[in-house]
Amino acid sequence: MLQRFKKWMLPAAMITGALFYRYVGLLSFLTPGLIFIMLLVTYCKLSLRQMNLTPLHAWLLGIQVIGGLAVYGLLYHIDPLVAEGAFICVFCPTATAAAVITGMLGGDIACLATYSLLSNLTVAFVSPLIFSFTGEHVTLPFWESLSKIGTEMIPLLIAPFLCALALQKFLPKAHAALQSRQSISFYLWAVSLTIVMGKTVSFIMGQNGSEYREEVLIALFALIVCLLQFALGKLIGHKYGQTIAGGQGLGQKNTVLAIWMALTYLNPLASIGPASYVVWQNCFNSWQLWIKERRDHAVISKK
């Protein structure tokens, strides 16, 4: 019963946020705190001893950062807003729930967990520089923009990791409690998704009809980027014997964080990109899980 409830929780969160956007959008100030707690709970599960850096991680990080900038550069002269929406879908770090899907698909959870940490830390240090040249802060003096974004992004993504290490050393019981209650992160993700979807829909509803074409284009390019990242991640991962971890690491994104970053640092309408990416990545993961279930059933039937 609980598993079935979880299956429908994320779609329900998205629909709730869209329907009651006038109300849930008012809670957007809670999003950074929810992201912090989600990352803290996830990091408490990570074991530094099990982490092993491989060339695969370097490839995935390169695509996440350099690939994101390349996508932005290619699309900017066509449509700057579409470029921002596609960029944030590539640049955003791996989802905290990616390890769960990786495990369900039979992939290497330790490999994915290592990349998840590297992915978030990289975004924390690189995003202040990138967002200083793009989006809403581009009109500010460079050092002022860099300082403003850095003081928001670095603590948000680095502090949870440091807190997890501190809890492990000084409050092992509290660390163990969070480590054994990973479902907290899932429920917080649903709440966060409701809020950021509400905030995104409120921006969409406030626009005139002439911008609907751009909104459709942003959602379409988010689909293209989603499929390309899963495919490229699997292709590179296959070379290192990590097909599943590679695909999930590059393709499954922390869309709550992506929407928040788009709303905060880019044109708010660019948040349509990661908002639609939520749908695309969940559809793709559902398809992957369905394929695996069929294969497993076929193997059992043969026996």
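Data block above holds the structure.
What counts and what doesn't
- Residues numbered from 1 in each chain as written.
- Predicted model: local features only at pLDDT ≥ 70, side-chain atom pairs only at ≥ 80, totals over all residues.
- Heavy atoms only, no water.
- Helix = DSSP H or I, 4+ residues; strand = E, 2+ residues; numbered from the N terminus.
- Buried < 20%, exposed > 50% of the residue type's maximum accessible area, 1.4 Å probe, protein only.
- Contact = heavy atoms within 4.5 Å.
- Areas by Shrake-Rupley, 256 points an atom, 1.4 Å probe, with all protein chains shown as cover.
- Lys, Arg positive; Asp, Glu negative; His and termini not counted.
- Charge placed at Lys NZ, Arg CZ, Asp CG, Glu CD.
- Core = buried A, V, L, I, M, F, W, Y, C linked by side-chain atoms within 4.5 Å.
- Polar contact = N/O pair within 3.5 Å; in protein donor to acceptor, adjacent residues only side chain to side chain.
- 1 Å grid on protein atoms, 1.4 Å probe; cavity = no way out; pocket = protein on both sides within 12 Å on 5 of 7 lines; lining within 4 Å.
- Points joined across faces, edges and corners; volume = space filled by probe spheres on them.
- Axes fitted to C-alpha atoms, helices over the stretch in contact; angles between N-to-C directions.
- Parallel < 35°, antiparallel > 145°, perpendicular 65-115°, else oblique.
- Left-handed = near helix turned anticlockwise from the far one by under 90°.
- Nonpolar A, V, L, I, M, F, W, Y, C, P; charged D, E, K, R; others polar.
- Salt bridge = Lys/Arg side-chain N within 4 Å of Asp/Glu carboxyl O.

> Talk me through the overall build of the chain; I want residue IDs and the actual numbers.
Along the chain, the regular secondary structure elements total 14 helices and zero strands. Secondary structure elements of the chain occur, N-terminal to C-terminal, as α-α-α-α-α-α-α-α-α-α-α-α-α-α. Judged by the C-alpha coordinates and their principal axes, the chain covers about 60 × 50 × 40 Å. Expressed as a percentage of its 303 residues, the buried residues of the chain come to 49%. Of the contacts made within the chain by residues no fewer than 6 positions apart, 81% connect residues no fewer than 24 positions apart. Entry remark: accessible area of the chain is about 14900 Å², with carbon and sulfur atoms responsible for 69%. Each charge class in the chain can be summarised by its mean position, and for the 20 positive and 11 negative side chains these summaries are 19 Å apart.

> How would you explain the nonpolar core if you had to name every residue and give the values?
Residues Phe131, Leu193 and Met261 are the most contacted members of the largest nonpolar core, which totals 72 residues. Among the nonpolar cores identified, the runner-up in size contains 12 residues, and Leu56, Tyr115, Ile236 and Leu250 belong to it.

> Which residues make up the side chain of threonine 94, and what are the values?
Summarising the element assignment, threonine 94 is placed in the loop between helix H5 (80-91) and helix H6 (98-104). With a relative accessible area of 0%, threonine 94 lands in the buried category. Within the local environment of threonine 94, its side chain forms a polar contact with the backbone oxygen of glycine 249, the two atoms lying 2.7 Å apart. Among residues more than four places away in sequence, those in contact with threonine 94 are Leu112, Tyr115, Ser116, Ser119, Asn120, Gln248, Gly249, Gln252, Lys253 and Asn254.

> Tell me about the layout of surface pockets, and name the residues and values.
Approximately 1400 Å³ is the volume found for the largest pocket. Lining the largest pocket are 42 residues, with Ala97, Val100, Ile101, Met104 and Phe186 sitting closest to its centre. Among the secondary structure elements, those contributing two or more residues to the lining of the largest pocket are helix H1 (2-19), helix H3 (31-45), H6, helix H7 (109-133), helix H10 (183-205) and helix H14 (272-302). The biggest single contributor to the lining of the largest pocket is H14, with 11 residues.

> Account for the packing of helix H12 (residues 243-251) against H14, with residues named and values stated.
Running from amino to carboxyl end, H12 crosses H14 at an angle of 165°, the nearest separation of the two axes being 12 Å. In terms of orientation, H12 lies roughly antiparallel with respect to H14. Here H12 runs over H14; the crossing is left-handed. Packed against H12, whose contacting residues are Gln248, Leu250 and Gly251, the element H14 presents Tyr277, Gln281, Asn285 and Gln288 at the interface. Residues of the contact of H12 with H14, tallied by class, amount to two nonpolar, five polar and no charged.

> Requested: an account of the environment of proline 80, with residues and values cited.
Take proline 80: it is sitting in helix H5. Put simply, proline 80 and proline 172 are 92 residues apart on the chain and 48 Å apart in space, counted from C-alpha to C-alpha.

> Lay out the pattern of salt bridges in plain terms, naming residues and giving numbers.
Note on pairing: side chains with opposite charge can pair once their charged atoms come close. Overall, the coordinates contain one salt bridge when judged by the stated rule. Lysine 292 is the partner of aspartate 296 in a salt bridge, and the nearest nitrogen-oxygen pair spans 2.7 Å. Of the two residues, aspartate 296 and lysine 292 are both situated in helix H14; the distance of four residues between them amounts to about one turn of the helix. By relative accessible area, lysine 292 is classed as partly exposed at 24%.

> Describe empty space enclosed by the protein, naming the residues involved and giving the relevant values.
Under the defined criterion, the tally for this structure stands at one cavity of 30 Å³ or more. The space that makes up the largest cavity amounts to roughly 60 Å³. Lining the largest cavity, in full, are Tyr43, Cys44, Leu46, Leu48, Phe161, Ala164, Leu165, Gln168 and His175. Counting residues per element, the ones that place at least two in the lining of the largest cavity are H3 and helix H8 (142-170). Considering every element that reaches the lining of the largest cavity, the biggest residue donor is H8, with four residues. For the lining of the largest cavity, the residue count by class is seven nonpolar, two polar and no charged.

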